[in-house]
Amino acid sequence: IKLPNEYVCLANKNLPSTAKKALKYLKNRGLNSYDILKWKIGYCETGEYRNRIIIPSFNLDGYCNYFIARTYTEDWLKYKNPPVSKNVVFNELLINWNNPTTLVEGAFDAIIAENSIPLLGSTLNSHSKLFRSILTHSKRIYVALDQDAEKKALSIISALNSYGVEVYKIDTSDYEDVGSMAKKEFEKRKDAAMLFDSNALLIQKILQI
C-alpha cells in the first residue's frame, strides 16, 4: 500500500511549524528522535488522516504493507487505519528473529518493547502470517498484552506452546499498556518474565476460575 500523500516524516531536519504538536505528543509518550528515525514515524496535517501520527510497517523487501494512524488531538476516533488486511508481520523489516521477540498489542507498545511485533489487537490467529513466521523463525517469545487481555494472552501462550515455542509472560500490571511504561521499566519486567509451560498455564487458568 501507499502512505498518505500528506505524510511527512518527522525524522526530517526541516519540518514545518505544524509538526510541533505531533512532536510534542510523541515526546509526551516517551519517544525520542532515535525512535522516530528507526520507525519512520510521521504525521499528516491535512487529508483523510489529518492531525494523526503515522507509523508505517515495512515488509522484508522494504515495501509498506500497513500503517497505523493515531490522532494527536482530541478526535473521538483514536485510530483510523487503512482499509486493507491486517494479516501482516508489522514492521518485519526491523525484527531480528535471532533474538527473543516480544508480542504486544499496538505499535506504540512495540516501540517501547524493542524487537517486538504488535498484534494490532489482542489476538493471534494460528493461520496468520505472524503465527507462521514465529513457528518458522523463533523458539522464544515474550508475551506482553494489556492487563485486561489476560485470557487472550493465555490463549496465545497455549497455542504457541502446542507447537513447541518457549513462551515467557511479562507482567504488565499497574500500567494501562506497555506504551505507557518507561523503557527501563519494561526491560526490568522482561528480565523477570515467567516461563509459561503447560503446568504454569494450568495453574493460571485454575486461578481465574
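Visitor: Describe in detail the packing of aromatic side chains, supporting the description with residues and values.
Guide: Per the counting criterion, the structure on display carries five aromatic pairs. For the pair tyrosine 25 and phenylalanine 108, a centre-to-centre distance of 6.2 Å together with 80 degrees between the ring planes defines the contact as edge-to-face. In this pair, tyrosine 25 sits in helix α1 (residues 19-28) while phenylalanine 108 sits in helix α3 (residues 107-113), placing the two residues 83 residues apart along the sequence. With a centroid separation of 5.3 Å and an interplanar angle of 80 degrees, the aromatic rings of tyrosine 49 and phenylalanine 67 are classed as edge-to-face. Of this pair, tyrosine 49 sits in the loop between β2 (42-44) and β3 (52-58) while phenylalanine 67 sits in strand β4 (residues 64-71); the two residues are 18 residues apart in sequence, bridging distant segments of the chain. When its relative accessible area of 2% is taken as the criterion, phenylalanine 67 is described as buried. Between arginine 29 and the ring centre of phenylalanine 108, over which it is positioned, the NZ or CZ distance is 4.1 Å. Between the NZ or CZ atom of lysine 190 and the centre of the ring of tyrosine 142, over which it lies, the distance is 5.0 Å.

Visitor: Could you give an account of the sheet that holds β3, naming the residues involved and the relevant values?
Guide: Pairing in this open sheet of four strands is antiparallel, and the strands run β1-β2-β3-β4 from one edge to the other. Each edge of the sheet is formed by a strand with only one pairing partner; in this case those strands are β1 (8-9) and β4. Note: β3 against β4, seven bridges, orientation antiparallel. Residue pairing in the sheet places isoleucine 53 in a bridge with arginine 70 of β4. The sheet strands contacting α1 are β2, β3 and β4, and the helix crosses β3 at an angle near 70 degrees.

Visitor: Help me get a handle on the side chain of threonine 102, residues and values and all.
Guide: Structurally, threonine 102 is set in strand β5 (residues 101-104). Residues within four places of threonine 102 in sequence aside, it is in contact with Ala113, Asn115, Ser116, Ile117, Tyr142, Ala144, Ile170, Phe186 and Lys190.

Visitor: Can you break down the pairing of β4 residue by residue, with the values?
Guide: Within β4, eight of the eight residues are buried, which leaves it mostly tucked inside the rest of the structure. From the end of β3 to the start of β4, which pair antiparallel, there are five residues, and glycine 62 there has a positive phi angle of about 85 degrees.

Visitor: Outline helix α6 (residues 183-191), supporting the account with residue identities and numerical values.
Guide: For α6, the set of buried residues is Phe186, Arg189 and Lys190. Burial along α6 is one-sided: seen end-on, the buried residues are contained in an arc of 105 degrees. Exposed and facing more than 90 degrees away from the buried side of α6 are Lys184, Lys188 and Asp191.

Visitor: Give me unusual backbone geometry: which residues, what numbers.
Guide: The backbone phi angle of asparagine 51 is positive, close to 55 degrees, even though this residue is not glycine. Examined against the element boundaries, asparagine 51 turns out to sit in the loop between β2 and β3. Despite not being glycine, leucine 120 shows a phi value in the positive range, around 60 degrees. Along the chain, leucine 120 turns up in the loop between β6 (116-118) and α4 (129-137).

Visitor: With reference to specific residues and values, describe the sheet that holds β6.
Guide: Strand order in this open sheet of five strands is β6-β5-β7-β8-β9, and the pairing throughout is mixed. The sheet terminates laterally at β6 and β9 (194-195), the two strands that pair on one side only. The pairing of strand β8 (residues 166-169) with β9 spans two bridges and is antiparallel. Within β9, the position partnered with tyrosine 168 by the bridge is leucine 195. Sitting on the sheet, helix α5 (residues 150-161) is in contact with β5, β7 (140-143) and β8, with an inclination near 165 degrees to β8.

Here is what the cut-offs are and how they apply
Residues numbered from 1 in each chain as written. Predicted model: local features only at pLDDT ≥ 70, side-chain atom pairs only at ≥ 80, totals over all residues. Heavy atoms only, no water. Phe/Tyr/Trp six-rings, centres within 6.5 Å; stacked < 30°, edge-to-face > 60°. Helix = DSSP H or I, 4+ residues; strand = E, 2+ residues; numbered from the N terminus. Buried < 20%, exposed > 50% of the residue type's maximum accessible area, 1.4 Å probe, protein only. Lys NZ or Arg CZ within 6 Å of the ring centre and 35° of its normal. Pairing = 2+ DSSP bridges. Contact = heavy atoms within 4.5 Å. Axes fitted to C-alpha atoms, helices over the stretch in contact; angles between N-to-C directions. Arc of directions from axis to C-beta.

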